[in-house]
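Tertiary structure, described
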Amino acid sequence: FYTLFFFFRVVSISTVFVNKTLLSDIDLDAPMFIALSQTLITALICYMKKSLSKLFPNKFRFPDVDIWDWYTVKAILPLSLLFTSMIATNNLCLKYASVAYYYIGRSLTTIFNVAFTYLILGEQTSKKCIACCALIIFGFWLGVDQENIAGSLSIPGFIFGILGSLSLSLFSIFTKKVLPKVNGEIWALSYANNVYASIILMPFMALNGELGQLYKYTRLTEIYFWSIIAVGGACGFTIGYFTTLQIKYTSALTHNISGTAKACAQTVLATYWYQETKSLLWWCSNLIVLIGSACYTWVKQIDMERRHRETVAYQKV
């Protein structure tokens, strides 16, 4: 369990820094192409493992799934739409905002998780949990205010950060619901999800004018460019695998809280790596979000244990 959390955080932080390099340091304004390269590489890795499982069934195993079967498409396509929205908005947030701000911009995931858990699953939230959510929102707005005062607030980064939080929350909830439809097979879900996402991203890439950007790009034949694209794709595959694994064995809430804790360490690394100086109140906003998220987790855990005890007592009677 703790090993899973550790690898998720290491891979997730690495992915954010690699994506920031892809979106800011290679002089290519093509965020949809970056997302497409990651989904295609992930789909290719899954296809390679599927092929190896047929050639060497004793050494490799891949679930028997037909991604073009209507039942599979119907079950996974809504999740793929959320997945596409999530990676697209995350990339756009990183394009317009710094890695340090990325934590603040994405801190509303828990809030959306509470809202959608009530709207979709009908689960009510206690007053203590709502108080924790209010603390998170306060920390979010304080961070935005400090970015604005420092003159570093990006409105597109702010908007895409909120949309990224919304997409991630829905993606986490629907992943938990969709996994049983593929018998809990992470490889099957990853394969189908990334193939569908690749198809969805292609027209968006064209509509965003990125085909012209790629045609004019002078570094398209450089080894460094394709190397960093390959690294980004490998990171995209790894983070997708560990994300699904964490949601499968824990919950959407645990995954979102884990992501918030990871983002705190990510912020500290980003300010050091990019040599950014932040105000005391800016750091307080990060701390408030972290405390609010931790308190929410603690209160939610107590509520879940209480409900479990009540359920057991009711069944005994």
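An unreviewed UniProt entry lists the chain under the name Sugar phosphate transporter domain-containing protein, from Phaedon cochleariae. Its UniProt record, at the heading Subcellular location (unreviewed entry), says of the chain: "Membrane".

1. Things to note about the overall build of the chain
Helices and strands together make up the secondary structure of the chain, namely 12 helices and zero strands. Sequence-ordered secondary structure for the chain, helices as α and strands as β, is α-α-α-α-α-α-α-α-α-α-α-α. Looking at the chain residue by residue over its 317 residues, the buried ones come to 52%. Put simply, of all contacts in the chain between residues at least 6 apart along the chain, 86% involve residues at least 24 apart.

2. Considering the side chain of Ser53
Tracing the chain through its elements places Ser53 in helix α2 (residues 31-55). One polar contact links the side chain of Ser53 to the main-chain carbonyl oxygen of Lys50, over a distance of 2.5 Å. Those residues in contact with Ser53, other than ones at most four positions away along the chain, are Phe60, Arg61 and Phe62.

3. Digging into helix α3 (residues 70-96)
For an α-helix, the turn length of 3.6 residues means that residues three or four places apart are oriented alike. Taking 1.5 Å per residue as the helical rise, α3 with its 27 residues ought to reach 39 Å, and the 38 Å between its terminal C-alpha atoms agrees with that figure. The axis of α3 is deflected most strongly, by about 40°, at Ile76, and proline Pro78 appears within four residues downstream. Its side-chain oxygen placed 3.1 Å from the backbone nitrogen of Tyr71, Asp69 serves as the N-cap of α3.

4. Thoughts on the pattern of salt bridges
Applying the stated criterion to the full structure yields four salt bridges. For the salt bridge of Lys95 with Asp29, the shortest nitrogen-to-oxygen distance reads 2.3 Å. Of this pair, Lys95 sits in helix α3 while Asp29 sits in the loop between α1 (2-24) and α2, and the two are 66 residues apart along the sequence. The shortest N-O distance in the salt bridge between Glu147 and Lys278 comes to 3.3 Å. Linking Glu147 in helix α6 (residues 127-150) with Lys278 in the loop between α11 (252-273) and α12 (280-316), this pair joins segments that are 131 residues apart in sequence. Taking relative accessible area as the criterion, Glu147 reaches 2% and is therefore assigned buried.

5. Description of α6
Taking 1.5 Å of rise per residue, 24 residues should cover 34 Å, and α6 covers 35 Å from first to last C-alpha, within 8% of that figure. Gly151, located one to two residues past α6, shows a positive phi value of around 80°.

6. Focus: unusual backbone geometry
Non-glycine residue Asn183 carries a positive phi angle of around 60°. By the secondary structure assignment, Asn183 is in the loop between α7 (155-178) and α8 (186-207). Residue Asn183 is classed as exposed on the basis of its relative accessible area, which comes to 69%.

7. Digging into the nonpolar core
Counting residues in each nonpolar core, the largest one holds 79 residues, and the members touching the most others are Leu28, Phe33 and Ile76. Per-element accounting of this core gives the leading share, 12 residues, to α3. In this structure, Leu28 is in contact with Leu22, Phe33, Gln213, Leu214, Tyr217 and Phe225, ignoring residues within four places of it in sequence.

Rules of the game
- Residues numbered from 1 in each chain as written.
- Predicted model: local features only at pLDDT ≥ 70, side-chain atom pairs only at ≥ 80, totals over all residues.
- Heavy atoms only, no water.
- UniProt positions renumbered as here; feature names shortened; annotations may be inferred.
- Helix = DSSP H or I, 4+ residues; strand = E, 2+ residues; numbered from the N terminus.
- Buried < 20%, exposed > 50% of the residue type's maximum accessible area, 1.4 Å probe, protein only.
- Contact = heavy atoms within 4.5 Å.
- Polar contact = N/O pair within 3.5 Å; in protein donor to acceptor, adjacent residues only side chain to side chain.
- Expected span 1.5 Å × (residues − 1).
- Bend = angle between axes of the 7 residues up to and from the residue.
- Salt bridge = Lys/Arg side-chain N within 4 Å of Asp/Glu carboxyl O.
- Core = buried A, V, L, I, M, F, W, Y, C linked by side-chain atoms within 4.5 Å.

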